[in-house]
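Structural overview
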Amino acid sequence: AQSVAQPEDQVNVAEGNPLTVKCTYSVSGNPYLFWYVQYPNRGLQFLLKYITGDNLVKGSYGFEAEFNKSQTSFHLKKPSALVSDSALYFCAVRDGGSGNTPLVFGKGTRLSVIA
Amino acid sequence: NAGVTQTPKFQVLKTGQSMTLQCAQDMNHNSMYWYRQDPGMGLRLIYYSASEGTTDKGEVPNGYNVSRLNKREFSLRLESAAPSQTSVYFCATNLAGRYNEQFFGPGTRLTVL
């Protein structure tokens, strides 16, 4: 069975500093990995995904994520945080060997960027 | 294009009442999903429909039923609401295929008293 862990419930970072939101996964086949962001009282918005190829994936709003197969991780990063990045972030995985199955989501990490 | 729409946005029910949450998409996607979001629990899958005419249980299906009415619409029914079903419900869709991300509706906030 596939699973995702986001080890931090909350991440605090000062505006202008780099940010990292951690994600580790477990699948039996090849992982397809996704990051979503949720602003207050809104649905989830897709940020980026890793399917294959370059381990560094770039997405919306200046976010990027690094796939590390040996550590089974897919951490979300941004070089310089903005106050407007404050939101709830979800990592999700789909097992590449399982066809078109639903995404499995982590519990989410709340990012707070302080001015 | 409206994308994924959900009705209603808010609902308050009494224990034992029934209701149907509606989801519609104009993205011509094959697959549709219902999730619930609870604090500290992330998103948990209730039911999904990989394609028109099929539905499958997810992680937390008890107390719910679904209907894939056509390619565009996927409804979630609570036959006898319980306080444990107080949650925010999200509908999502994607094109068939393991590479494809899901697109989410704005959610329905349900309170069961």
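Please refer to the structure higher up on the page.
Residues numbered from 1 in each chain as written. Chains lettered and ligands numbered in written order. Predicted model: local features only at pLDDT ≥ 70, side-chain atom pairs only at ≥ 80, totals over all residues. Heavy atoms only, no water.

Thoughts on the overall build of chain B
Helix and strand counts for chain B stand at 0 helices and 11 strands. Going from the N terminus to the C terminus, chain B shows its helices and strands as β-β-β-β-β-β-β-β-β-β-β. On C-alpha atoms alone, chain B measures out to a radius of gyration of 13 Å, which is about the 13 Å that the 2.2 N^0.38 rule sets for 113 residues. Seen through its principal axes, chain B has C-alpha atoms that stretch 40 × 25 × 25 Å. Here the contacts in chain B between residues at least 6 apart in sequence split such that 55% fall between residues at least 24 apart. The centroid of the 11 positive side-chain charges in chain B is displaced by 5 Å from the centroid of its 8 negative side-chain charges. (Helix = DSSP H or I, 4+ residues; strand = E, 2+ residues; numbered from the N terminus. Rg over C-alpha atoms; globule rule 2.2 N^0.38 Å. Contact = heavy atoms within 4.5 Å. Lys, Arg positive; Asp, Glu negative; His and termini not counted. Charge placed at Lys NZ, Arg CZ, Asp CG, Glu CD.)

Observations concerning the side chain of Arg36(B)
All names here are of chain B. Its location among the elements puts Arg36 in strand 4 (residues 31–38). Polar contacts involving the side chain of Arg36 include one to the main-chain carbonyl oxygen of Ser84, which spans 2.8 Å. Looking at Arg36, its side chain comes within polar contact range of the main-chain oxygen of Thr86, at 3.5 Å. Contacts of Arg36, omitting those with residues within four sequence positions, involve Gly42, Leu43, Arg44, Ile46, Val60, Tyr64, Ser84, Gln85, Thr86, Ser87, Val88 and Tyr89. (Polar contact = N/O pair within 3.5 Å; in protein donor to acceptor, adjacent residues only side chain to side chain.)

Some points on the interface of chain A and chain B
Facing 24 residues of chain A, the contacting portion of chain B comprises 25 residues. Both sides together, the interface formed by chain A and chain B hides about 1800 Å², and carbon and sulfur atoms give 52% of it. Run the count over chain A and chain B and you get 1 salt bridge. The closest approach of N and O atoms between Glu101(B) and Lys49(A), which form a salt bridge, is 2.8 Å. Run the count over chain A and chain B and you get 7 residue pairs in polar contact (both at pLDDT 80 or more). For the side of chain A that touches chain B, the elements supplying multiple residues, two or more each, are strand 5 (31–38), strand 6 (44–50) and strand 10 (87–95) of chain A. (Buried area = accessible area lost by both parts, 1.4 Å probe. Salt bridge = Lys/Arg side-chain N within 4 Å of Asp/Glu carboxyl O.)

Side note on the pattern of salt bridges
Taken as a whole and assessed by the stated rule, the structure comprises 7 salt bridges over all chains. Residues Glu64(A) and Lys58(A) are paired through a salt bridge, measuring 3.0 Å at the closest nitrogen-oxygen approach. Judged by relative accessible area, Glu64(A) falls into the buried class, the value being 18%. Arg36(B) is paired through a salt bridge with Asp38(B); the nearest N and O atoms lie 2.8 Å apart. Here Arg36(B) matches Asp38(B) in class, with each residue buried. Each of the salt bridges in this network shares a partner with another, and the network as a whole consists of Arg36(B), Asp38(B) and Arg44(B). (Buried < 20%, exposed > 50% of the residue type's maximum accessible area, 1.4 Å probe, protein only.)

Section: unusual backbone geometry
Look at the link from Thr7(B) to Pro8(B): it is a cis peptide, with omega at -5°. With respect to the element layout, Pro8(B) can be found in the loop between strand 1 (4–7) and strand 2 (10–13). One non-glycine residue, Asn41(A), adopts positive backbone phi at about 60°. Structurally, Asn41(A) is set in the loop between strand 5 and strand 6. Asn41(A) sits in the exposed class, given a relative accessible area of 66%. In this model, Tyr61(A) sits at a positive phi of 60°, which is unusual for a non-glycine residue. With respect to the helices, strands and loops of the structure, Tyr61(A) is situated in the loop between strand 7 (56–58) and strand 8 (64–68).

Some points on the sheet that holds strand 3 (residues 19–25) of chain B
All names here are of chain B. Read across the sheet, 4 strands follow the order 1-3-8-7 without closing on themselves; strand pairing throughout is antiparallel. Every interior strand has two partners, whereas the edge strands, strand 1 and strand 7 (64–68), have only one. Mean inter-strand twist for the sheet, computed between neighbouring axes without regard to direction, equals 15°. As paired strands, strand 7 and strand 8 (residues 74–78) are joined by 5 bridges and run antiparallel to one another. Bridge pairing in strand 8 places Arg68 opposite Phe74. (Pairing = 2+ DSSP bridges. Axes fitted to C-alpha atoms, helices over the stretch in contact; angles between N-to-C directions.)

Observations regarding the environment of Pro39(B)
Residues and elements named next belong to chain B. With respect to the helices and strands, the residue Pro39 is situated in the loop between strand 4 and strand 5 (42–49). We classify Pro39 as exposed; its relative accessible area is 81%. Linking Pro39 and Val88, residues 49 residues apart in sequence, is a C-alpha distance of 9.7 Å.

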